[in-house]
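# An overview of the molecular structure
In case you want the letters, here they are:
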Amino acid sequence: MKISNPVLRGFYPDPSVCRANGKYYMVCSSFEYFPGVPLFESEDLVHWTQIGHCLTRSTQVDLERINSSGGVFAPTIRYHEGRFYMVTTNDTYHKNFYVYTDDIYGEWSEPVFVDQGGIDPSLFFEDGKAYFMSNGSDEDGNGCIFQCEINIATGERLTESKPIWKGNGGRYLESPHLYHIGDWYYITAAEGGTEYGHMITYARGKSPYGPFESYPLNPVVTNRDLGGHQSRIQGIGHGDLVQTEDGTTFIVCLGFRQEGMWMPFHHLGREVFLVPVQWQQDGWFTAGVNGKVEAEMEMNLNASGEDTCYDVSFEKLGADSLRWCHLRAYDQANYQFTEQGAKLRGNHFTLDDVDAPTFLGVRQSEFDTTLDVTVGGNSPEAGVTFYLCEDHHYDLYLAQADEVCRAELRLTTGDAQCVKTSVPLEQGQQEVKLHVESDSEFYTFFAEIAGEKKELGKARTKYLSSEVAGGFTGTVMAMYAVNPEEKEDAWGEFTGLKWTMKKWVDNA
């Protein structure tokens, strides 16, 4: 049947997947956002439901004042003898660790650290042994994959870390995974950087330590040679193999959708794509359509069901939604939910700070969206932001000072920041209806004043892209509040939230 890509849309990068108890489980990177490492479940590899996070406590991960696009990188999830393991990196502190659980719907353990450097760690279990691998550099500075055996109960290294594969010659060798399928051990990796040259490569050998022979036609999957006029799907790489119960094999990988045929920018972040694998008689495998990933692909799957709903509202989400995210830290005392919406009490941090402002966010998953929310209360500043990082965000908000209320649009793009529009509300008006429309190229911002919807300005989506701003995340829409004096009774009140996202169709 025809399957549409991406299968998980918006800022959910670096996917890893495992099969357990007749279902599939997937984790993705979360970087500076908390809770960390979103966790998904699926019955068919196509329709994914978020069931939790792996890192839900500050004792599991330190995100205090970490740099943007730092923090939690490239997790791997594995299932072994009734237990789930999630291994990842806190790249800001250069520490590899794993957590585990016997209940996939419950809490995960405290971190177990492994004394091996690099990033993108992975686990492989066989014959009572636990193998730990990550990327790194050899004594000559060349990229390679290192591996050791560990005590899975303690994280202690039981063997020296040895280089087992140097990749296929591409830059930024990363994302290693090891599998034993049939007569061979296969090692996969990403090369080329998580950009337009990204690709998946692999090799095979007769033991977990090789020696490994590279696939002669590497890369096995890449869209690097496709221009935007051929496909808006770019950056394909960082894959993880998974087999269905009948042995059909797929790769779950990341990629991104650029904004247009001739617009090589992406602001939704890196997303999750599903790619079919074809095994050859000689034990090598190919993948995709001639090694490419398309927006619609024929796959040997029975994937019936509705697409995940990307409409956002208080009614749909509520206080306990797993889709909410926060910047770096979460102070529960600053968030309240009501039947009509949410109340946020700001602290003295702003969206420009490398810290933890009061921030209640949802990842943007489509280009074409329509947002409505009413903002009131007595917070000095409260509104919505389309946020990539502290240096790149667009804010539409209600400002209150000296008994005057104003609707304002502020644009922050790198070293330039300005309040583009500031409109006073009518005397006595202490709430404002905010409205935002977006497409692949622009955000357009409105406020309803004296019963009239007024356009406050437009801003290009490309300034929230990785190509302009750098980094590895994607755009998050968030409600926020700022309270410089941290007054106990200063709250921003948000009601009537409705954010509708129209599903993208590839017209390339």
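Residues numbered from 1 in each chain as written. Predicted model: local features only at pLDDT ≥ 70, side-chain atom pairs only at ≥ 80, totals over all residues. Heavy atoms only, no water.

### Structural notes on the pairing of strand 19 (residues 233-243)
The element strand 19 is extensively covered by neighbouring structure, given that ten of its eleven residues are classed as buried. Two elements, strand 19 and strand 20 (residues 249-257), share seven bridges in a ladder whose sense is antiparallel. If you follow Gly237 over to strand 20, its bridge partner there is Leu254. (Buried < 20%, exposed > 50% of the residue type's maximum accessible area, 1.4 Å probe, protein only. Helix = DSSP H or I, 4+ residues; strand = E, 2+ residues; numbered from the N terminus. Pairing = 2+ DSSP bridges.)

### Regarding the pairing of strand 15 (residues 174-181)
Counted residue by residue, strand 15 has seven buried out of eight residues, so it is predominantly covered. Pairing of strand 15 with strand 16 (residues 184-191), which is carried by six bridges, proceeds in the antiparallel orientation. Bridging from a neighbouring strand, Leu178 pairs with Ile187 of strand 16.

### Things to note about the sheet that holds strand 7 (residues 72-80)
Strands sit in the order 7-8-9-10 across an open sheet of four strands; the sheet is antiparallel. Strands at the two margins of the open sheet, each flanked by one partner only, are strand 7 and strand 10 (112-114). Direction aside, neighbouring strands of the sheet carry axes that sit 25° apart on average. As paired elements, strand 7 and strand 8 (residues 83-90) share seven bridges and run antiparallel to each other. Across the sheet, the residue bridging to Arg78 is Tyr85, located in strand 8. (Axes fitted to C-alpha atoms, helices over the stretch in contact; angles between N-to-C directions.)

### Focus on the nonpolar core
The nonpolar side chains of a soluble globular protein tend to be buried, and buried together. Within the largest apolar cluster, 45 residues are counted, with the highest numbers of intra-cluster contacts made by Ile251 and Leu274. When residues of this core are traced back to their parent elements, those giving at least two are strand 3 (23-27), strand 15, strand 17 (199-205), strand 19, strand 20, strand 21 (271-279) and strand 22 (285-287). Tallying contributions element by element places strand 21 first for this core, with five residues. If we skip the residues at most four places from it in the chain, Ile251 touches Ile200, Val221, Gly239, Asp240, Leu241, Phe273, Leu274, Val275, Val277, Phe285 and Ala287. Counting 42 residues, the second-largest nonpolar core is a separate cluster that includes Ala382, Phe386, Leu388 and Ala459. (Core = buried A, V, L, I, M, F, W, Y, C linked by side-chain atoms within 4.5 Å. Contact = heavy atoms within 4.5 Å.)

### Considering unusual backbone geometry
Cis peptide bonds are those with omega within 30 degrees of zero, and the linkage from Asn5 to Pro6 qualifies with -5°. Along the chain, the position of Pro6 falls in the loop between strand 1 (2-4) and strand 2 (16-20). Following Asn218, the chain continues into Pro219 via a peptide bond in cis, with omega recorded as 0°. By secondary structure assignment, the location of Pro219 is in the loop between strand 18 (213-214) and strand 19. With a phi close to 55°, His238 is a non-glycine residue in the positive phi region.

### What about the packing of aromatic side chains?
Across all of its chains, the model carries 34 aromatic pairs by this definition. Here the aromatic rings of Tyr79 and Phe84 are separated by 4.6 Å at their centres, their planes lie at 45°, and the arrangement is tilted. Owing to a relative accessible area of 29%, Tyr79 belongs among the partly exposed residues under this scheme. Members of the aromatic cluster, each reached through a chain of ring pairs, are Phe11, Phe31, Tyr33, Phe73, Phe359, Tyr387 and Phe472. When the ring centre of Trp491 is taken as origin, the NZ or CZ atom of Lys343, which lies over that ring, is 5.5 Å away. A cation sits over an aromatic face here: Lys458 above Phe442, 4.7 Å from the ring centre. (Phe/Tyr/Trp six-rings, centres within 6.5 Å; stacked < 30°, edge-to-face > 60°. Lys NZ or Arg CZ within 6 Å of the ring centre and 35° of its normal.)

### Side note on the sheet that holds strand 21
Across the sheet, four strands lie side by side as 19-20-21-22; this open sheet has antiparallel pairing. Only two strands of the sheet have a single partner each, and these edge strands are strand 19 and strand 22. Put simply, the sheet's adjacent strands are angled 35° from each other on average, direction ignored.

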